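For reference, the chains in residue letters:
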Amino acid sequence: MKSDQPANQLYSLGLLCLVLLIPAVCQADTLEQLITDALLDHPAIQSQQSQKAAAEAGVETAKWQFYPTPSINVQNKYNNSKSDLSYRGDPASATLAVQQPLWTGGQLTAGLNKAKAGVLSSNAALEDARMQIALKVVQSYSDWLAAYQKIQLYDKNMLTYVHLSDMVKRRVEQGASSESDLVLVVSRLQQLAGDTAVAKAQMNTALGQLEQLLNRHLDSALLGISIAVPKQFNDGLPVLLDQALLVNPAIQKYKAQVLVQEALIDASKANLSPQVYVRAEEQFGNISYQNAGNDGRVFLGVTSSFGAGLSTLTAIDSAKAQYQAALADVETQNRTVNAQVITDFSMATSSDLRLLALKQSQQASEDIFKSYDRQFLAGKRTWQDTMNSVRDLINVGTQVADTQSSQIASTWRLAIYSKGVESVEKVRK
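Since the structure is predicted, the reported quantities are computational estimates derived from the model, not experimental observations.

Definitions and cut-offs
- Residues numbered from 1 in each chain as written.
- Predicted model: local features only at pLDDT ≥ 70, side-chain atom pairs only at ≥ 80, totals over all residues.
- Heavy atoms only, no water.
- Helix = DSSP H or I, 4+ residues; strand = E, 2+ residues; numbered from the N terminus.
- Rg over C-alpha atoms; globule rule 2.2 N^0.38 Å.
- Buried < 20%, exposed > 50% of the residue type's maximum accessible area, 1.4 Å probe, protein only.
- Contact = heavy atoms within 4.5 Å.
- Areas by Shrake-Rupley, 256 points an atom, 1.4 Å probe, with all protein chains shown as cover.
- Arc of directions from axis to C-beta.
- Phe/Tyr/Trp six-rings, centres within 6.5 Å; stacked < 30°, edge-to-face > 60°.
- Lys NZ or Arg CZ within 6 Å of the ring centre and 35° of its normal.
- Pairing = 2+ DSSP bridges.
- Axes fitted to C-alpha atoms, helices over the stretch in contact; angles between N-to-C directions.
- Salt bridge = Lys/Arg side-chain N within 4 Å of Asp/Glu carboxyl O.
- Core = buried A, V, L, I, M, F, W, Y, C linked by side-chain atoms within 4.5 Å.
- pLDDT = per-residue confidence, 0-100.
- Parallel < 35°, antiparallel > 145°, perpendicular 65-115°, else oblique.
- Left-handed = near helix turned anticlockwise from the far one by under 90°.

*Asks:* Before we move on, can you summarise the overall build of the chain with the specific residues and values?
*Replies:* A count of helical and extended segments in the chain gives ten helices and four strands. Each helix (α) and strand (β) of the chain, taken in turn from the N terminus, gives the series α-α-α-β-β-α-α-α-α-α-β-β-α-α. Taken over C-alpha atoms, the radius of gyration comes to 38 Å for the chain, far larger than the 22 Å a tight globule of 429 residues would show. With 429 residues in all, the chain has 37% of them scored as buried. In the chain, once contacts between residues fewer than 6 apart in sequence are set aside, the share between residues at least 24 apart is 84%. Approximately 24600 Å² of the chain is accessible, and the part contributed by carbon and sulfur atoms is 55%.

*Asks:* For helix α7 (residues 237–247), give the residues involved together with the corresponding values.
*Replies:* Every buried residue belonging to α7 is among Leu240, Leu241 and Ala244, and all of these are buried. With its buried residues spanning 100° around the axis, α7 presents them on a single face. Structural note: α7 exposes Pro238, Asp242 and Leu246 on the side pointing more than 90 degrees away from its buried face. Along its buried surface, α7 packs onto α9 (311–377) and α10 (383–419).

*Asks:* Describe the packing of aromatic side chains, and please don't skip the residues or the numbers.
*Replies:* This structure, assessed with the given rule, holds four aromatic pairs. Ring geometry for Phe376 versus Trp383: centroids 4.9 Å apart, planes at 55°, classification tilted. Take Phe376 and Trp383: they sit in the same class, and that class is buried. Members of the aromatic cluster, each reached through a chain of ring pairs, are Tyr141, Trp144 and Tyr148. Looking at Lys231, its charged tip hangs above the ring of Trp412, at a distance of 4.4 Å from the centre. Here Lys253 stacks its cationic end above the ring of Tyr254, 5.8 Å away from the centre of that ring.

*Asks:* Describe the sheet that holds strand β1 (residues 69–76), listing the residues and the values that go with them.
*Replies:* The four strands lie next to each other as β1-β2-β3-β4, forming an open sheet whose pairing is antiparallel. A strand with exactly one partner marks an edge of an open sheet, and here the two such strands are β1 and β4 (294–303). Between one strand axis and the next, the sheet turns through 20° on average, direction left out of account. In this sheet, strand β2 (residues 92–103) lies alongside β1 in antiparallel orientation, the contact comprising eight bridges. Within β2, the residue paired with Asn73 across the bridge is Thr95.

*Asks:* Pulling in residues and values, what's your account of the pattern of salt bridges?
*Replies:* Overall, the coordinates contain twelve salt bridges when judged by the stated rule. In this structure, Glu281 and Arg297 form a salt bridge, with 3.4 Å as the shortest nitrogen-oxygen distance. Taken together, the residues Glu281 in strand β3 (residues 275–284) and Arg297 in strand β4 connect sequence positions 16 residues apart. Owing to a relative accessible area of 28%, Arg297 belongs among the partly exposed residues under this scheme.

*Asks:* I'd like to hear about the nonpolar core, residue by residue, with values.
*Replies:* One finds Leu31, Ile35, Val137, Trp144 and Trp383 to be the most contacted residues of the largest nonpolar core, which totals 62 residues. At 20 residues, the largest contribution of residues to this core is made by helix α4 (residues 107–174). When residues no more than four places from it in sequence are discounted, the contact partners of Ile35 are Ala134, Val137, Val138, Trp412, Val424 and Glu425.

*Asks:* Can you tell me about the confidence of the model for the chain, naming the residues and giving the values?
*Replies:* Mean pLDDT for the chain: 88, with 90% of residues reaching 70 or above. Every residue in residues 1–26 scores below 50 in pLDDT, and together they form two contacts with partners more than four places removed in sequence or on other chains.

*Asks:* Quick one: what's the story with the side chain of Thr398, residue by residue and with numbers?
*Replies:* Following the sequence through the fold, Thr398 ends up in helix α10. Judged by its relative accessible area of 16%, Thr398 is buried. Once residues within four sequence positions are removed from consideration, Thr398 is found in contact with Lys150, Leu153 and Tyr154.

*Asks:* Please set out the packing of α4 against helix α5 (residues 179–214) residue by residue, giving values where relevant.
*Replies:* It is the contact of α4 with α5, at a shortest axis distance of 8 Å, that shows an interaxial angle of 160°. The angle between α4 and α5 places the two elements in the roughly antiparallel class. Crossing of α4 against α5: the hand is left-handed.

In structure tokens, the structure reads:
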């Protein structure tokens, strides 16, 4: 007996390790976790982050335009004619210059404002990409949930049909039921098997979409351990609409485009004005005169670039038209968000009552089936009545699954639209 003690201890230790490891390995994914993981390293978000970095660099570039511009010019005589009287000086010369803009008619300021608006646009585009991915995760999850719950329902009622099939087979053998009763239950079994196959295909499709969003494998059994619950809202529709218009990144992106177009209008108008600058030069050597030494110069200059014909004026008109288009885009997105919030709010508020009524109907259908099952054996109900009671039970169960998944989708979308993606992400410790 003593020789078995170490083996028993090893067995107990191994069992303990297995118990401790199972939760870590088989940890169920919540909807919050799915959204958080999808937002972690999705290529669409990485792309927008790079765009944001580029826009921020553009602001620094625009700021540097206010600073002096250094330049260097080196000239070396090469194979010039001996009779050329213009270049009889030093063999080479170099000119160092620094030019500082003094007044550009608002050109530099417009460029800086455009760059800053570009940062606002890129930030909003990043948040919009996060929102769109979160919405896709919610939709795919709700599609998976509807199919998953239908499969659970079909599997449960498949056992019911098998039980009824076995029962009617015995009755047919005993002469208590006709062959048509057996044919009816077999056809219902086949129909339910077909519905199960369709539901599994829908579940696998939704699961595949989730896997693409997260770039990792998912298991329906693990997802089914922790089913998401609907989001709750204490605010009314007007408050939710105001919140949605305030936080929606697509609206912010279009507003940033309005600022971009305003800057482009200012830049186009600045082309009508001359630019004033000062330039300091230091020349070393002179290819025209020998032994000229070093020369220093300071210039105050004015330059202009009106463009060909009336192109500057038409560029202003084009920028103004783009500005009006950007304003229209903002209003269009406002209406799109309003419509989505109103739709989701209506679905969310009506789903509670609908789900309550369906669950009451589901309980009634279960009671009716049990009653019909007993009454059939007592000869008080027909086999058709019993089969129809099972079908009604399946139908109302299917409606419950669709309503529950729709409730999840509408309330989670409403949370994303009114409170932002942060409201549905997993809290990081």
